[in-house]
Amino acid sequence: MSGGYKTEMQAADTVGKMWHPSLYIGSILESHEDRVSILPDRIKQSMPSPEPKPSEGGWLYRVLEPYYSRECVDNVMEAMMGGQISSGASWPRKLAAEVCELYKVPVALPTSSGASALHVALLACNLGPHDHVLVPALTMVAVANMVKMVGAKPVYCDSAKGSVNPGTADLLKKATPRTKAVIVCHTYGVACKDIAEIAALCKEKGWWLIEDICEAMGTRADTGELVGTFGDFAVTSLYANKPITAGDGGWVHAREKKHHDRLKSLINHGFDPAYHFLHFETAPNAKMNGLGAAFVCSQVKMLPLLMQHRGRVASWYREGLAGIDGLSCIEQRQVDAPWVFGVETRDRKTRDALRDHLAAQGVETRNYFYPLHLEPVNFYGDDAGVYDVELPNAEHLAQVGFYLPTHSFLERADTQFICSVIKSYYQPEAAVDEPPRQKGWADAERTKSLQQSSPAS
Ligand SMILES: Cc1ncc(COP(=O)(O)O)c(C=O)c1O
């Protein structure tokens, strides 16, 4: 426990400068109400409401569904039968080759997760105490966590007006003489509109640029290039809610060959290629195992087709939701194929009520991220007070935004049904379509596709 902060409950009007034992993670199980009640009013008023529950029998539409083919299963079997199960097996190398081919980069290394990929990319930038890393406020917590794990400080940037991502001006507003790196996230699979300009800015300033494409694998910038090809490094996640998946996993890739050996060492305990058991640096074990790599390997070549389908899902939703007063759809870029399809309501109360209304019809949804600068984790210990900032665009989106089911099993009739449920919230006299599916349908579709033999067998 750090000295200098009050040990008694503190009534703080604004964010920051508060400390209370109930905020410590060890207290999660004993006193979860206390942990919330001690938060500043600003957080209590804006924090997410409890999640809506499905009607009896579970969800008709999950927000995301893992999608994979029989070939993935057959490859895992082959890996097991051939003893090719570890990170040292042939499958991670095959996966790396597929990634290099898709992104036209010389270096790719499979990792155990998106977070671990980000960890090693940040280590490769040689960041440490006193270094600032510009990160979006509206993104997943792993981004801030990994910056902190390398001892640097995340500096949160607002979303640009009308965008889920920060633009160049939002980054410049937060830049300091200590800025050493920028992480661009392409949140929800919406390409950052300024990515080319941000890449040029980083070059001019000598800042590292890491593209976190965990939500934007296969996403294209307005110029048509794949995002993940602008930065020094790109990292992604292969968690089961992503368009292609290893269950858990990820990769880091680099635009320049010179980064290969360092990244290879950093994902593998700092092993030296020449002298086994002679370690020159401290590093995590961030490698992907052979079974995960075997599972995802054949999916990489399917990614462009899966993204085309995401584009169709987005166009169906845009068409079905057009003209609803008070509801807008997620930012639309030149290539419109977001990982998840977001909608934004007029206010927080409507957002929560509409999510409840969808849940009552079996439609699962998810809130937009709660902005990272407001996360309770920032309010204790030595960092208390340093995050006392206001980022109005990100904070507003977090209050009014949520996303709809967006995955590879969806067809037009599914989105039409979901849109009819949304319309019936705004126009109670409007009829809700008959659902085209029954509960458990996506599992049944998956089973059906896994019963077909893979192209190779
Ligand atoms: C932007 C972003 N970065 C990092 C991660 C972490 O990925 P993982 O869960 O594979 O560690 C995620 C997870 O979805 C993410 O959305």
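All of these numbers come straight from a predicted model, not from anything done at the bench.

Caption draft 1: Representation of unusual backbone geometry in the model. A positive phi angle, close to 60°, is found at Tyr188, a residue other than glycine. With respect to the helices, strands and loops of the structure, Tyr188 is situated in the loop between β4 (179-184) and α8 (195-205). Overall, Tyr188 belongs to the buried group, with 24 C-beta atoms counted inside 10 Å.

Caption draft 2: Quick peek at the site of the ligand. The full set close to the ligand counts 15 residues, and Ser113, Gly114, Ala115, Cys214 and Ser237 are the nearest of them. Counting only elements with at least two residues in the shell around the ligand, the list comes to α5 (114-124) and α6 (141-149). Broken down by class, the residue content of the shell around the ligand amounts to 8 nonpolar, 5 polar and 2 charged.

Caption draft 3: Local environment of the sheet that holds strand β1 (residues 107-111). Here 7 strands make up an open sheet; going across it, the order is β1-β7-β6-β5-β4-β2-β3 and the pairing mixed. Unpaired on one side and paired on the other, β1 and β3 (153-157) mark the two borders of the sheet. Here the average twist between neighbouring strands, direction ignored, is 20°. Strand direction decides the pairing type here: strand β2 (residues 132-136) and β3, joined by 5 bridges, are parallel. Opposite Pro136, over in β3, you have Cys157 as the bridge partner. Against the sheet, helix α4 (residues 90-103) engages β1 and β7 (250-254), with an angle of about 130° to β1.

Caption draft 4: Expanded view of the domain arrangement of the protein. Here the protein is described as being made up of domain 1 (1-42), domain 2 (70-301) and domain 3 (304-448). Here the C-alpha centroids of domain 2 and domain 3 sit 26 Å apart. Contacts between the two partners involve 27 residues from domain 2, matched on the other side by 29 residues from domain 3. Of the residues belonging to the side of domain 2 that touches domain 3, the class tally is 14 nonpolar, 7 polar and 6 charged.

Caption draft 5: Main features of the environment of Glu56. Mapped onto the fold, Glu56 is located in the loop between α2 (41-46) and α3 (70-81). For Glu56 and Gly362, which are 306 residues apart along the polypeptide, the C-alpha to C-alpha distance reads 8.7 Å.

Caption draft 6: Broad picture of the environment of Thr365. Secondary-structure assignment places Thr365 in the loop between α12 (348-360) and β10 (366-367). Along the backbone, Thr365 and Leu60 are 305 residues apart, and their C-alpha atoms lie at a distance of 11 Å. Contact partners of Thr365, with chain neighbours within four places excluded, come to Val63, Arg355, Leu358, Phe402, Tyr403 and Leu404.

Caption draft 7: Representation of the packing of α4 against helix α10 (residues 290-297) in the model. As a packed pair, α4 and α10 sit with axes 8 Å apart at the nearest point and diverge in direction by 40°. Relative to α10, the element α4 lies oblique. Of the two elements, α4 crosses α10, and the hand of that crossing is left-handed. Side by side, α4 and α10 meet where Trp91, Pro92, Lys94, Leu95 and Glu98 of the first sit next to Gly290, Ala293, Ala294, Val296 and Cys297 of the second. Broken down by class, the residue content of the contact of α4 with α10 amounts to 7 nonpolar, 1 polar and 2 charged.

Caption draft 8: Local environment of α3. When the terminal C-alpha atoms of α3 are compared, their 16 Å separation across 12 residues agrees well with the 16 Å that a helix rising 1.5 Å per residue should span. Where α3 is concerned, the buried positions are Glu71, Cys72, Asn75, Val76 and Ala79. With its buried residues spanning 140° around the axis, α3 presents them on a single face. When the buried face of α3 is taken as reference, the exposed residues oriented beyond 90 degrees from it are Met77 and Met81. Here the buried face of α3 lies against α4 and α10. At the exit of α3 stands Gly83, carrying a positive phi of roughly 70°.

The rules behind the values
- Residues numbered from 1 in each chain as written.
- Predicted model: local features only at pLDDT ≥ 70, side-chain atom pairs only at ≥ 80, totals over all residues.
- Helix = DSSP H or I, 4+ residues; strand = E, 2+ residues; numbered from the N terminus.
- Buried ≥ 20, exposed ≤ 12 C-beta atoms within 10 Å, placed from the backbone.
- Near = placed C-beta within 6 Å.
- Nonpolar A, V, L, I, M, F, W, Y, C, P; charged D, E, K, R; others polar.
- Pairing = 2+ DSSP bridges.
- Axes fitted to C-alpha atoms, helices over the stretch in contact; angles between N-to-C directions.
- Contact = placed C-beta atoms within 7 Å.
- Domains from an automatic or database assignment.
- Parallel < 35°, antiparallel > 145°, perpendicular 65-115°, else oblique.
- Left-handed = near helix turned anticlockwise from the far one by under 90°.
- Expected span 1.5 Å × (residues − 1).
- Arc of directions from axis to C-beta.

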